[in-house]
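So you can see what is in the structure, the chains are spelled out below.
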Amino acid sequence: MRRTFILLIFILSSHLLTAQVNDKFVAASNGLKGNANLIREFSIPANTAGHNVLVLEVPFSSSVFISPLLANVAKGKVIEKVQLVYTTFRESETFDQQKLNQQRLRNLYSLLPDAFSNAMTEWELVGQTGASNPEEGKKYFHGFVITWRPASSTTLLKEEMSQLDSMFLPKKLSRDEIDPRKTAAETGTDKKMRILTNPDGTTTILDRDIPEDSLWMYIKSSGGGYSVVHAKWGDTAHKVVLVIEQKDGLKRKRTWLLEDHFTDTPTGGMPDIDLHNPDSVVTTVLRRNPWPNMIIVADVTGSMSPYTAQVLHWVPVGLSSGRCSGFVFYNDGDDKTTNEKNVGKTGGIYSIKTQNFDSVFRVVKKTMSSGDGGDIPENPVEAAIYSINRFNDNAEIILIADNFSAPRDLELYERLTRPIHIILCGARGTVNPDYLFLARQSHGSIHTLHDDITTLDTMKDGEIITIEGKQYLLKNEHFICLNTFSQL
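Our subject in this report is the structure included herewith. (Residues numbered from 1 in each chain as written. Predicted model: local features only at pLDDT ≥ 70, side-chain atom pairs only at ≥ 80, totals over all residues. Heavy atoms only, no water.)

1. Quick notes on unusual backbone geometry
Note: most residues except glycine have negative phi, and most peptide bonds are trans. Here the phi dihedral of N394 falls at roughly 65°; this positive angle occurs in a residue that is not glycine. Tracing the backbone shows N394 in the loop between α11 (380-391) and β15 (396-402). Residue classification places N394 among the exposed positions, given a relative accessible area of 67%. Positive phi, close to 70°, is recorded for E477, a residue that is not glycine. (Helix = DSSP H or I, 4+ residues; strand = E, 2+ residues; numbered from the N terminus. Buried < 20%, exposed > 50% of the residue type's maximum accessible area, 1.4 Å probe, protein only.)

Given below as C-alpha cells:
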C-alpha cells in the first residue's frame, strides 16, 4: 500500500511539473507573439564588452538544434535577452507556426533552463518576411539568439575601460608636456593639425583627422537649445564642417569652420539610439526629465560600460547647465570577496564635486579599475546614502542602476532621507521588483526607456500598475509581476 501511495504521488507530481512546464512554454510563446518584430532578414548581433551572444540554430521547419552543445557556454550565467527567429513563409495554410515555436521553446528549456529562470530576461519573437519559397526560407537563420553576461574578469574590465578611453579620452596636453607633432603643426608641415592654447595654459591638439562617423561628438552647437546630431567634412583640407542641428524635433543645416566649433571633449548631442547600445535609457531619461539640481549616483561594474558611456556623454551638458552638483560612482566593494561584503560597509564608492569633465572621467576610471564587485548583487542603497551625506545640499538623487543586479543592501532603505529617482538599465523585460520597492519607500520614482513612474508611493495595497507593458501588483509593500511565465 505504501509503495502504491508513493507511486501515485510520483505520477501526480510528474503531471503537475509537466503542466507547469507546458504553461511556461504557452506563456512564453504568447508573450513572444505579443512582442513580435517583423523584418525582412535577421542579422545576428556581434559580441560587445560585457555582453556575449550565443547562437542556437535549428533547420527550416524543425525544432531540433543543430549544435546543442553550444548552450553549455551560457549555463549558470545571467541571460539578458532571448530572441526566437523564424520565417513567416509557409507552404501550407494549415501549418501551425505557433505550435512549432512552442516545441522550440520546450527544446530550449531542456537544453538551457537558465533562459527561463530570470524574470528580468527580455523575450522577443523575430519574424523574417523576405522568403517567398522554401528554397529561400532554408537560407535564412532559424533558432535562438541569446545575449548573456560573461563572468567578471580583469580582461573584461580592461576591454570596457579601453572602449571608454577610445570614446572620451581627452586630447589635452599640459604646458610642460612635449608633443612630438608640435613642431610640424607650428611650422605648417602638417596641414591637418594645429595646437590651440587654452585659457588655463594647457594646449589642445586640433586634430583634423577625426573619423567622420564620430565627428559630431567634437562639434559644439550654436546654443539656444540646439544639439548637434550629425556632422561631416565639408572640404578635403578638413577645415570646414557640414552640420545638422536639432531642437524640439526640428533640424537645420549649418556650415562652419572647424576651429569655431571644435571641442576637445566630446559634447555633441546624443542620437536617440546609441549604435553601441540600443537601450539608450540614460540619455533618454535625462533628456526627458530636466531635474534642476541633481547628484548622479551610477553603477560602473562589469557590463555597465554602455550605460557609463551614456552618463559621460551627458556630463558636459549637465555641467554647462549647472544642473549637476556632484557625482558618485560605485563598484560594490572594490575587490572584496562576497564574504567580506558587510551590508552598509561594502565600499567601493568614489565621488567628486567638479565642473570639469576630465575630473569626472578620471573618477569613473578610478572606480572601475579598483574592482568590479565580482558577484551579481550590488550596493546601490549604500551609495545613495553616501551621496546624501557627502553633498547634503537637497539635490535630487538620480540612481543609475543595473536592472539585473539586485540590491544586496535593500534593508538600509529606512536610512534614505531623500527621494531616490532610479534609472533602470536593461529593463527591457521585467522591472526588478526590488527597485520598485526602493523607489516607493523613498517616495522617489522609476524611469525606463519609455516610462516615468512617479506615483508608486501613493499606491494602495492590492492596486496594479503597468510599466513597459507589464503589470505589477502591490502586495504587503512589495511588488509582484503578473506577467511572468510562472504566473501566466
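2. So, the pattern of salt bridges
As enumerated under the stated definition, the model contains 11 salt bridges in all. A salt bridge links D332 to R408; its shortest N-O distance comes to 2.9 Å. Note that D332 is positioned in the loop between β13 (324-330) and β14 (349-352) and R408 in the loop between β15 and β16 (420-425), a separation of 76 residues in sequence. Taking relative accessible area as the criterion, D332 reaches 0% and is therefore assigned buried. A network of salt bridges, in which partner residues are shared, links E80, R149 and D402. (Salt bridge = Lys/Arg side-chain N within 4 Å of Asp/Glu carboxyl O.)

3. A few points about the packing of helix α5 (residues 154-168) against helix α10 (residues 357-369)
Look at α5 against α10: their axes get within 10 Å of each other, and the N-to-C directions meet at 170°. Judged by the inter-axis angle, α5 sits roughly antiparallel to α10. Two secondary-structure elements touch here, α5 through L157, E160, M161, L164, D165 and F168 and α10 through F357, F361, K365, M368 and S369. Residue composition of the contact of α5 with α10, grouped by class: seven nonpolar, one polar and three charged. (Axes fitted to C-alpha atoms, helices over the stretch in contact; angles between N-to-C directions. Parallel < 35°, antiparallel > 145°, perpendicular 65-115°, else oblique. Contact = heavy atoms within 4.5 Å. Nonpolar A, V, L, I, M, F, W, Y, C, P; charged D, E, K, R; others polar.)

4. Focus: the nonpolar core
Within the largest apolar cluster, 38 residues are counted, with the highest numbers of intra-cluster contacts made by L399, I422, I446 and L456. Here the element with the most residues in this core is α11; it accounts for six residues. Not counting chain neighbours up to four residues away, the residues in contact with L399 comprise V297, Y330, P380, I420, H421, I422, I423, Y435 and L438. By size, the runner-up hydrophobic cluster in this structure holds 37 residues, among which are L312, L319, F329 and M368. (Core = buried A, V, L, I, M, F, W, Y, C linked by side-chain atoms within 4.5 Å.)

On their own, these measurements won't tell you what the molecule is for.
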